[in-house]
Amino acid sequence: MVKLETQSPAETKALGRKIARNLKSGDIIALIGELGAGKTCLAQGLALGLGVSPKDYVASPSFVLVKEYGGRTPLYHIDLFRINSTEELESLGWEEYLYGEGVCIIEWAERAGKLMPSEYLRIELEILGSRRRRIRLKAFGRHYQAVLRKLR
Ligand SMILES: Nc1ncnc2c1ncn2[C@@H]1O[C@H](COP(=O)(O)OP(=O)(O)O)[C@@H](O)[C@H]1O
Ligand SMILES: [Mg+2]
């Protein structure tokens, strides 16, 4: 587990860019934390780090379930905030995204319950103050352990 703090949105985005350097096609990132914790902010940094052009990036995709981007690999930014059941996930093409070519970033990933794969990088964000966020990164699977080691 890696535990750190950021002091600004810019710092959270920079962390996303840094994590993205070690990601590859097919990787899965779960973002967990209350509204305003910084999940989308971190996702934006990840997207930029994966080569998505800043002018293509949509800051808040909460109104859609999935937004697809082209970077050095495809990126599927999934937001489960509005999901009501795991059945809905299946009709969204969940498996195709999860086991597809792109990197998946999943906000509110805990809502996927048992439909989460066994290997992924879990990132929990917690609000400590108006600009302070605690960020805990936990690797499930060897590949993600290696991603975390390169962050240290
Ligand atoms: N250290 C920080 N990291 C990320 N966001 C921060 C930070 N400090 C303040 N913020 C603010 O908190 C909000 C986070 O929003 P957002 O990323 O959309 O959260 P979420 O997707 O978790 O609901 C933004 O308004 C952002 O400017
Ligand atoms: Mg969000």
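Given the structure is predicted, the values throughout are model-derived calculations rather than measurements. (Residues numbered from 1 in each chain as written. Chains lettered and ligands numbered in written order. Predicted model: local features only at pLDDT ≥ 70, side-chain atom pairs only at ≥ 80, totals over all residues.)

A.B. asks: Help me out: how do you make sense of the overall build of the chain in this one?
C.D. replies: For the chain, the helix and strand inventory stands at five helices and seven strands. Against the globule reference of 15 Å for 152 residues, the chain gives a C-alpha radius of gyration of 14 Å, in line with a compact fold. Seen through its C-alpha atoms, the chain measures out along the principal axes to roughly 40 × 35 × 30 Å. (Helix = DSSP H or I, 4+ residues; strand = E, 2+ residues; numbered from the N terminus. Rg over C-alpha atoms; globule rule 2.2 N^0.38 Å.)

A.B. asks: Teacher, can you tell me more about unusual backbone geometry here?
C.D. replies: Backbone geometry places Trp 108, a non-glycine residue, at a positive phi of 60 degrees. With respect to the helices and strands, the residue Trp 108 is situated in the loop between β5 (103-107) and β6 (120-127).

A.B. asks: Would you mind showing me how to read the site of ligand 1 here?
C.D. replies: In the neighbourhood of ligand 1, 18 residues make up the surrounding shell, with Thr 12, Gly 38, Lys 39, Thr 40 and Cys 41 lying closest. Among the residues making up the shell around ligand 1, the classes are represented as four nonpolar, nine polar and five charged. (Near = placed C-beta within 6 Å. Nonpolar A, V, L, I, M, F, W, Y, C, P; charged D, E, K, R; others polar.)

A.B. asks: Got a minute to help me understand the environment of Tyr 120 in this structure?
C.D. replies: Here Tyr 120 lies in strand β6. Taking the C-beta count within 10 Å as the criterion, Tyr 120 has 21 such neighbours and is therefore assigned buried. When sequence neighbours within four positions are dropped, the list of residues in contact with Tyr 120 reads Ile 28, Ile 29, Ala 30, Phe 140 and Tyr 144. (Buried ≥ 20, exposed ≤ 12 C-beta atoms within 10 Å, placed from the backbone. Contact = placed C-beta atoms within 7 Å.)

A.B. asks: Quick question: what am I supposed to make of the packing of helix α1 (residues 9-20) against helix α2 (residues 39-49) here?
C.D. replies: Angle between the axes and distance between the axes are the two parameters that describe a pair of packed helices. Two elements in contact, α1 and α2, have axes separated by 7 Å at closest approach and are oriented at 40 degrees. On the basis of their axis angle, the class for α1 and α2 is oblique. Here α1 and α2 pass one another in a crossing that is right-handed. Two secondary-structure elements touch here, α1 through Pro 9, Thr 12, Lys 13, Ala 14, Leu 15, Gly 16, Arg 17, Ile 19 and Ala 20 and α2 through Cys 41, Leu 42, Ala 43, Gln 44, Gly 45, Leu 46, Leu 48 and Gly 49. The residue makeup of the contact of α1 with α2, split by class, is ten nonpolar, five polar and two charged. (Axes fitted to C-alpha atoms, helices over the stretch in contact; angles between N-to-C directions. Parallel < 35°, antiparallel > 145°, perpendicular 65-115°, else oblique. Left-handed = near helix turned anticlockwise from the far one by under 90°.)

A.B. asks: Even after reading the chapter, I still don't get the pairing of β5, so can you show me in this structure?
C.D. replies: Where a strand is regular, its side chains alternate between the two sheet faces. Most of β5 sits out of view: five of its five residues are buried. Of the two faces of β5, the one holding Val 103, Ile 105 and Glu 107 and the one holding Cys 104 and Ile 106 are both buried throughout. Sheet analysis places strand β2 (residues 28-32) next to β5, joined by four bridges and oriented parallel. Bridging across to β5, Leu 31 finds its partner in Glu 107. As paired elements, strand β4 (residues 74-79) and β5 share five bridges and run parallel to each other. Of the residues in β5, the one forming a bridge with Leu 75 is Val 103. (Pairing = 2+ DSSP bridges.)

A.B. asks: Looking at this model, I keep getting lost on the nonpolar core. Mind explaining?
C.D. replies: The nonpolar side chains of soluble globular proteins are, as a tendency, buried together. By size, the foremost hydrophobic cluster in this structure holds 38 residues, and its most contacted members are Ile 29, Ala 30, Leu 31, Leu 46, Cys 104, Ile 105 and Ile 106. The element that contributes the greatest number of residues to this core is α2, accounting for five residues. Discounting residues that sit within four places of it in the chain, Ile 105 has contacts with Ile 29, Leu 31, Ala 43, Leu 46, Leu 75, His 77 and Ile 78. (Core = buried A, V, L, I, M, F, W, Y, C linked by C-beta atoms within 7 Å.)

A.B. asks: Looking at this structure, I do not really get the pairing of β4. What am I missing?
C.D. replies: Here β4 lies mainly inside the structure; five of its six residues are buried. Pairing between strand β3 (residues 66-70) and β4: five bridges, direction antiparallel. Looking at β4, one finds that Val 66 is bridged to Ile 78. Between β3 and β4, which pair antiparallel in sequence order, lie three residues.

A.B. asks: Quick question: what am I supposed to make of the sheet that holds strand β1 (residues 2-6) here?
C.D. replies: Whether parallel or antiparallel, the strands of a sheet pair through hydrogen bonds between backbone atoms. Reading across the sheet, the seven strands line up as β1-β7-β6-β2-β5-β4-β3 and stay open at both edges, with mixed pairing between neighbours. A single partner strand is all that each edge strand has here, and the edge strands are β1 and β3. Neighbour-to-neighbour, the strand axes of the sheet open up by a mean angle of 20 degrees, direction not taken into account. Across the sheet, α2 touches β2, β3, β4, β5 and β6, and the angle it forms with β5 is around 170 degrees.

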